[in-house]
Amino acid sequence: MTQLQAATRTVFRTVAVAEAISWAGLLVAMFFKWVVAEDPHAGAEGGVPIMGPIHGGVFVLFVIASLVAWRVFSWRLGTLALALASAIPPFATIWFERRVDRQGLLGVSAADRTTAAAGPSGPA
């Protein structure tokens, strides 16, 4: 794996998890605004003005990371489309990241991971 591939893999995986975490933060903020608050229309926005832009920024980072991974790892267009679609439902980016990692689409095949986990083969 090249240094570019290794860096892309790390950034993509990190941003995928960050996107899911920011979704959770936004959902919690919206819950407090719309469910817990006595009058959600009173103008008390709670954490939504904080978590909204954070989630939006991480969403944009995920889109960029997906486009970069598509180019670096030569993903099919369908894989890119699935990556971009996974940013819409909450927590789906983690599912997508694990899926492409298992398939070896992030630069490390399942066979390579199995070999590396087994340790060095040969006499000591």
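See the structure above.
This structure is a prediction, so every number in the text was calculated from the model and none was measured. (Residues numbered from 1 in each chain as written. Predicted model: local features only at pLDDT ≥ 70, side-chain atom pairs only at ≥ 80, totals over all residues. Heavy atoms only, no water.)

### Here we look at the side chain of Thr93
Filter applied, for reference: Only DSSP runs of H or I reaching four residues or more are called helices, and only runs of E reaching two or more are called strands; each is numbered from the N terminus. Here's how the labels work: a residue is buried when its accessible area is under 20% of the maximum for its type, exposed when over 50%, partly exposed in between, all with a 1.4 Å probe on protein chains only. Between two residues, a contact is recorded if the distance between any of their heavy atoms is within 4.5 Å.
On the secondary structure map, Thr93 appears in helix H4 (residues 92-102). Exposure remark for Thr93: the relative accessible area of 0% places this residue in the buried category. Every residue in contact with Thr93, bar those within four places of it in the chain, is listed here: Ala16, Glu19, Ala20, Phe62, Ser86 and Ala87.

### Details of a nonpolar patch on the surface
Basically, it comes down to this: Each patch is assembled from residues with relative accessible area greater than 30% and no salt bridge, linking like charges that lie within 9 Å and nonpolar side chains (Val, Leu, Ile, Met, Phe, Trp, Tyr) that lie within 5 Å. Under the convention used here, a 1.4 Å probe and the Shrake-Rupley method define accessible areas, while residue burial counts only the protein chains that appear. One speaks of a salt bridge when a side-chain nitrogen belonging to Lys or Arg is within 4 Å of a carboxyl oxygen belonging to Asp or Glu.
Nonpolar side chains collect at one region of the surface, where Leu27, Val28, Met30, Phe31, Phe32, Trp34, Val35, Val36 and Phe91 lie side by side and expose about 820 Å² of accessible area between them. Relative to the assigned elements, Met30 resides in helix H1 (residues 3-36). With a relative accessible area of 31%, Met30 lands in the partly exposed category.

### Remarks on the side chain of Glu97
Filter applied, for reference: Polar contacts, as used here, are pairs of N or O atoms within 3.5 Å; protein pairs need one atom able to donate a hydrogen and one able to accept it. Residues neighboring in sequence count only if both atoms are side-chain atoms.
Structurally, the position occupied by Glu97 is in helix H4. For Glu97, a relative accessible area of 4% corresponds to the buried category. Engagement of the side chain of Glu97 in a polar contact is seen with the side chain of Arg13, the distance being 2.5 Å. When residues no more than four places from it in sequence are discounted, the contact partners of Glu97 are Phe12, Arg13, Ala16 and Leu106.

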